Amino acid sequence: AQKITQTQPGMFVQEKEAVTLDCTYDTSDPSYGLFWYKQPSSGEMIFLIYQGSYDQQNATEGRYSLNFQKARKSANLVISASQLGDSAMYFCAMREGHSNYQLIWGAGTKLIIKP
Amino acid sequence: GAGVSQSPSNKVTEKGKDVELRCDPISGHTALYWYRQSLGQGLEFLIYFQGNSAPDKSGLPSDRFSAERTGGSVSTLTIQRTQQEDSAVYLCASSLVGSGQETQYFGPGTRLLVL
């Protein structure tokens, strides 16, 4: 079974609109961390935001926020006021508490911002 | 401070030749990771180093692949007798163990093309 599921292979969004990228996860470990990375066409993997399973509040980093719904096991990335430079692949990843290093990756969502 | 660096940025080689890919992690990061990403695909874990030791080599696809890390810093991934299916982007990441989040920070990657 997939541990990280990103159901949107591709999305088109109008510039300046908000966009939500979906991520659901599956783990029985009570301690885990969730990460979002951005990969532009240049290929570099850029860390965006982190949410710990015990964090009481949703993580935010500038225009990025994480809509963390623990009971539903979802960790959707919200980008407010999208910009042309947001066009990229976006990957959701999880680290389970029993592993201090291994990340489990989703298949990614390709986001294209239209002018 | 400097991020993760990788060299070369691009490598074209002939089938059957050996190649060496280098990764220089963020200073002070004790953990180092190698991933492979084929065109349009997600990340495939190859190997993880903690210091100079590699507790997890489970992702290495064959015995043609090997990696080492010296001085707890620079790592080299070696592919012997390259095959066309080895063509991919090889990404290196590093993280600070004990930081809580253990966020992995990535280098720009090496694009390998085997002719």
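Data block above holds the structure.
Residues numbered from 1 in each chain as written. Chains lettered and ligands numbered in written order. Predicted model: local features only at pLDDT ≥ 70, side-chain atom pairs only at ≥ 80, totals over all residues. Heavy atoms only, no water.

Once that is clear, we can look at the overall build of chain B. When helices and strands are counted, chain B shows 0 helices and 11 strands. Sequence-ordered secondary structure for chain B, helices as α and strands as β, is β-β-β-β-β-β-β-β-β-β-β. Radius of gyration (C-alpha) of chain B: 13 Å, near the 13 Å computed for a compact globule of 115 residues. Each principal axis of the C-alpha distribution contributes one length, and for chain B these read about 40 × 25 × 25 Å. Here chain B holds 115 residues, and the buried ones make up 46% of them. Of all intrachain contacts in chain B linking residues separated by at least 6 positions in sequence, the fraction that spans at least 24 positions is 54%. Accessible surface for chain B amounts to roughly 5,300 Å². Of this, 47% is attributable to carbon and sulfur atoms. (Helix = DSSP H or I, 4+ residues; strand = E, 2+ residues; numbered from the N terminus. Rg over C-alpha atoms; globule rule 2.2 N^0.38 Å. Buried < 20%, exposed > 50% of the residue type's maximum accessible area, 1.4 Å probe, protein only. Contact = heavy atoms within 4.5 Å. Areas by Shrake-Rupley, 256 points an atom, 1.4 Å probe, with all protein chains shown as cover.)

Turning our eyes to something else, we now look at the overall build of chain A. The secondary structure content of chain A amounts to 0 helices and 12 strands. For chain A, the C-alpha radius of gyration of 14 Å lies close to 13 Å, the compact-globule estimate for 115 residues. Considering chain A as a whole, with its 115 residues, one finds that 48% of them fall into the buried category. A separation of at least 24 residues holds for 54% of the contacts in chain A among residues at least 6 apart in sequence. Summed over its atoms, the accessible surface of chain A is roughly 5,600 Å², and 49% of this surface lies on carbon and sulfur atoms. One finds the centroid of the 10 positive side-chain charges in chain A at a distance of 3 Å from the centroid of its 10 negative side-chain charges. (Lys, Arg positive; Asp, Glu negative; His and termini not counted. Charge placed at Lys NZ, Arg CZ, Asp CG, Glu CD.)

On to the side chain of Gln-6 of chain A. Considering the arrangement of structural elements, one finds Gln-6 of chain A in the loop between β1 (4-5) and β2 (10-14). Residues within four places of Gln-6 of chain A in sequence aside, it is in contact with Asp-22, Trp-36, Tyr-90, Phe-91, Cys-92, Gly-106, Ala-107, Gly-108 and Thr-109 of chain A.

Tallying each qualifying case throughout the model produces 2 disulfides over all chains. Bridging Cys-23 of chain A to Cys-92 of chain A, the disulfide has an S-S length of 2.0 Å. Residues Cys-23 of chain A and Cys-92 of chain A are joined by a disulfide whose S-S torsion is about -65°; by sign, that bridge is left-handed. With Cys-23 of chain A in the loop between β3 (19-21) and β4 (24-25) and Cys-92 of chain A in strand β10 (residues 88-96), this residue pair connects regions lying 69 residues apart in the sequence. Comparing Cys-23 of chain A with Cys-92 of chain A, the two get one shared label, buried. Each sulfur of the disulfide joining Cys-23 of chain B and Cys-92 of chain B lies 1.8 Å from the other. A torsion of -65° about the S-S bond marks the disulfide between Cys-23 of chain B and Cys-92 of chain B as left-handed. You can see Cys-23 of chain B sitting in strand β3 (residues 19-24) and its partner Cys-92 of chain B sitting in strand β9 (residues 88-95), a full 69 residues away along the chain. Each member of the pair, Cys-23 of chain B as well as Cys-92 of chain B, is classed as buried. (Disulfide = S-S within 2.5 Å.)

Let's shift gears to the sheet that holds β3 of chain B. All names here are of chain B. On the basis of which strands lie adjacent, the open sheet formed by 4 strands has the order β1-β3-β8-β7 and antiparallel pairing. In this open sheet, the two edge strands, each paired with only one partner strand, are β1 (5-7) and β7 (65-69). Taken pair by pair, the neighbouring strands of this sheet meet at an average axis angle of 15°, ignoring direction. (Pairing = 2+ DSSP bridges. Axes fitted to C-alpha atoms, helices over the stretch in contact; angles between N-to-C directions.)

Residues and elements named next belong to chain A. Of all 8 residues in strand β5 (residues 32-39), 8 are buried; the element is thus mostly enclosed. Note that β5 and β10 share 8 bridges and pair antiparallel. Paired with Gly-33 across the strands is Arg-95, a residue of β10. Linking β5 to strand β6 (residues 46-52), which pair antiparallel, is a turn of 6 residues; within it Gly-43 sits at a positive phi near 100°.

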